[in-house]
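# Reading the structure
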Amino acid sequence: MSNATHTAAIPAHPPRAAKRAHSFTHHGITVQDDYAWLRDPAYPEVTDAEVLAHLEAENAWFAAHMAGQQDRIDALFKEMRARIKEADKSVPQKDGDHLYWIEYEEGAEYKKWWRKPVDGGPDELILDEVALAQGHEYFRLGAISVSADGRLLAWSVDDNGSERFTARIKVIATGEMLPDVIEGTLSSLVWVAGDRGLVYSLANENWRTDNARLHWLGTPVADDVELYHEDDEGFRVGSALSANEKWLILSTSDHETSEVRLIPANDPLATPILVRERVEGVEYDVDERDGVLYIHANDTHENFRLASAPVADPGNWTSLIEGSDDFYLTGFDLFRDFYVIEGRVRGLDRVEVRYYDDPTRIEPILFPEASYEAGLADNPEWAVDRLRVSYESMVSPASVYDYFVADGRLELLKTQEIPCGYDASLYDTARLEIPARDGTLVPVSVVWRKDRAAINGGEGGPLHLYGYGAYGIAIGPGFSTSRLSLVDRGFAYAIAHIRGGDDLGRAWYKAGKREARTNTFNDFVDVARGLVARGFTAEGRISISGGSAGGELMGAVINSDPDLWGAVVAHVPFVDVLNTMLDESLPLTPGEWPEWGNPIEDRGAFELIASYSPYDQVRAQDYPPLMVTAGLNDPRVTYWEPAKWVARLRELKTDSNPLILKTNMGAGHGGKSGRFESLTETAEEFAFILWQLGVTG
């Protein structure tokens, strides 16, 4: 493919951030941070002219470098878009008197929310994201909630990427907007008290939800009642209804400890019932049926058990399903006549229907492939005889089923349609286990074209490796249409299920956090070397990507093993770990200490974080080609983390490989919004990878 058009002269020198002497000392250890000035002291407002000028200069450097790839970017975008059905709708789902669904119109970036009466009647547009997004560079719908009587709709919107949402309410039938406007929310919106009240949480000045508040419709927001306030800076508060909608469930938690209170949904000002006082390291969540609480908790086993307790004695837990080394119990859902548990066995999803009156009756929902992602989808009603289930694999597009509980039958309702065509028989997938340096077997999911050798002119070829490895978040072997743009060009695409995620259970998560954090980085490197040894690729022919904590992973592995990688993409990377964990004024920091350690109080945590923090460990060596993204309004990974990292890399790296940084000046942690706008960034990423690995086409 020619990239002769759209070229632009690349400036002779990249932007060089000024070095300004700055240091700090903790535990008798002094750290130099000469790029600290890139943090605007007015943050979250970013108005410092010198900071903005530097970010714009980096953006210009990015644009100049990528201009020669514009034809390829355009081609990739076109083929990615061609795999998306533009006029599409979800499978309608019954909730009360209506069927609800979402719909995309041809060419639309955003969706519309529809419903119609179950007993017949016209379709009714209840929320139009296209109209709401008009005129905004960024748009994201937060919460959306229909009142129990079906008359009112509450929703919240973020239009700049800051993740501070504004909630509004309207009468669905007439479109009349109620005067109630709640600004600064960061939560669900829960109807209570016969639809007269709405429960929500505000983000405080540090972007922490330390509260649950009750708004009575028609009253001033200033008069809203605080139902609960959390005093621990590391905890976040959330609210939801029980499955039978009788209870308001108020939960507060950090990354490893939780506490739950129950309030009658019809009397939200009643005294809350504390289920059990928090105990450090114990997580639990709760639902209720017929006066009995069902509790999913890790108090007796790290892989969680399911227990029950009477509402009258909520702390007296009796096991229904004991914790197990083999089965990781990730959650449960109650229905009137049965309940469902979800979990994983050796990293593979398992869904079981169970019965209140017969604990020995266990009915697993069976799926056809050896490696897949599956689970309950949207199931809003209490009394049902079928369950909505989702399913996909690395070669099977996303599908929606109804599972008929009485006879264990799955009925296919919809399979993701790929308009330009897709033939699953052209692809192979495998789930491998590759030993890490300490002997631990790390699962890896891989997909490739069966004719890959022909595409590459022989065995091996390029490989893309993706990883995350933090917060106990599992990265499942799901389907991606965008991924095909690499796979169809001869790449193998691999997902490393490294420690730090909970892919293999809670112990797997614990083995990649705090004192064990470096296992995550070692696993990723060892998986890459194992894939080379198995003939999938060669050193220097591997592209890698990760975002946020996965961006930290990218930073760590290019410091430790730079020669392995042929191209690296780090999205909103959490790379200034030490500085961020030392700054308790930042939105996330206190809640992050259970994950990374508290370097303010703990010298050992300070030294460990400093030993792997990508920004602090940049050194004079060759680095692989690197593309970095940031969001000016990002409250999770602040823009200065990638900016400082790139500045230090420019100062110290000894190679001439491209190093480019793009800051979205009107977006946050998730990059651009909109289903097609976001594809432009994926197309840029893939164009960079293909360019650096010398892959044509």
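In the block above lies the structure referred to throughout.
In this report, we go over the structure that sits alongside the text. (Residues numbered from 1 in each chain as written. Predicted model: local features only at pLDDT ≥ 70, side-chain atom pairs only at ≥ 80, totals over all residues. Heavy atoms only, no water.)

## Looking at the overall build of the protein chain
Helices and strands together make up the secondary structure of the protein chain, namely 13 helices and 39 strands. Within the protein chain, buried positions represent 56% of all 697 residues. For the protein chain, contacts bridging at least 24 residues in sequence account for 56% of all contacts bridging at least 6. Carbon together with sulfur atoms contributes 49% to the accessible area of the protein chain, which is approximately 27400 Å² in total. Placing the 66 positive and 112 negative side-chain charges of the protein chain at their respective mean positions leaves the two points 4 Å apart. (Helix = DSSP H or I, 4+ residues; strand = E, 2+ residues; numbered from the N terminus. Buried < 20%, exposed > 50% of the residue type's maximum accessible area, 1.4 Å probe, protein only. Contact = heavy atoms within 4.5 Å. Areas by Shrake-Rupley, 256 points an atom, 1.4 Å probe, with all protein chains shown as cover. Lys, Arg positive; Asp, Glu negative; His and termini not counted. Charge placed at Lys NZ, Arg CZ, Asp CG, Glu CD.)

## Regarding the sheet that holds strand β10 (residues 165–171)
Pairing between the strands of a sheet is mediated by backbone hydrogen bonds and can be parallel or antiparallel. Taken together, the four strands give an open sheet; going across it, the order is β8-β9-β10-β11, and neighbouring strands pair in antiparallel fashion. With one partner strand each, in any of the chains shown, β8 (140–146) and β11 (177–185) form the two edges of the open sheet. Here the average twist between neighbouring strands, direction ignored, is 20°. (Pairing = 2+ DSSP bridges. Axes fitted to C-alpha atoms, helices over the stretch in contact; angles between N-to-C directions.)

## Overview of the sheet that holds strand β37 (residues 565–571)
Ordered by their spatial adjacency, eight strands build an open sheet running β32-β33-β35-β34-β36-β37-β38-β39, and the pairing between neighbours is mixed. Edge strands, defined here as strands with exactly one partner in the open sheet, are β32 (427–435) and β39 (659–664). Direction aside, neighbouring strands of the sheet carry axes that sit 15° apart on average. Here strand β34 (residues 463–466) runs beside strand β35 (residues 492–496); their pairing, made up of four bridges, is parallel. If you follow H464 over to β35, its bridge partner there is Y493.

## Some thoughts on helix α1 (residues 49–67)
For an α-helix the count is 3.6 residues per turn, leaving residues at separations of three or four pointing the same way. With 19 residues, α1 should reach 27 Å at 1.5 Å per residue; the first-to-last C-alpha distance of 26 Å fits that figure. Among all positions of α1, only V51, H54, L55, E58, N59, W61, F62, A64, H65, M66 and A67 are buried. Along its buried surface, α1 packs onto α2 (70–82), β38 (626–631), α12 (640–652), β39 and α13 (677–693). (Expected span 1.5 Å × (residues − 1).)

## A closer look at the pattern of salt bridges
Taken as a whole and assessed by the stated rule, the structure comprises 53 salt bridges. One salt bridge in this structure joins R278 and E259, with 2.9 Å as the shortest N-O distance. In this pair, R278 is assigned in the loop between β19 (273–274) and β20 (284–289) and E259 in strand β18 (residues 258–264), connecting sequence segments 19 residues apart. Given the relative accessible area of 28%, R278 is considered partly exposed. A relative accessible area of 5% places E259 in the buried class. Close ionic contact of R289 with D290 constitutes a salt bridge, the shortest N to O distance being 3.8 Å. A residue is classified by how much of its surface remains accessible, and R289, at 18% relative accessible area, is buried. By relative accessible area, which is 59% here, D290 ends up exposed. Look at the salt bridges and you will find they share partners, linking E230, E259, R261 and R278 into a network. (Salt bridge = Lys/Arg side-chain N within 4 Å of Asp/Glu carboxyl O.)

## A look at the pairing of strand β29 (residues 386–392)
Two elements, strand β28 (residues 373–376) and β29, share four bridges in a ladder whose sense is antiparallel. Looking at the pairing, A374 lines up with Y391 of β29. As paired elements, β29 and strand β30 (residues 399–404) share six bridges and run antiparallel to each other. Note on β30: the bridge partner recorded for R386 is F404. Between β29 and β30, which pair antiparallel and follow one another directly, the connecting turn spans six residues.

## Some points on unusual backbone geometry
In this model, Y43 is joined to P44 through a cis peptide bond whose omega is 20°. If you trace the backbone, P44 turns up in the loop between β2 (29–32) and α1. Notably, R514 is not glycine yet its phi reads approximately 45°, a positive angle. With respect to the helices and strands, the residue R514 is situated in the loop between α6 (506–510) and α7 (518–533). With a phi angle near 60°, S548 is a residue other than glycine that sits in the positive phi range. Positionally, S548 belongs in the loop between β36 (542–547) and α8 (549–560).

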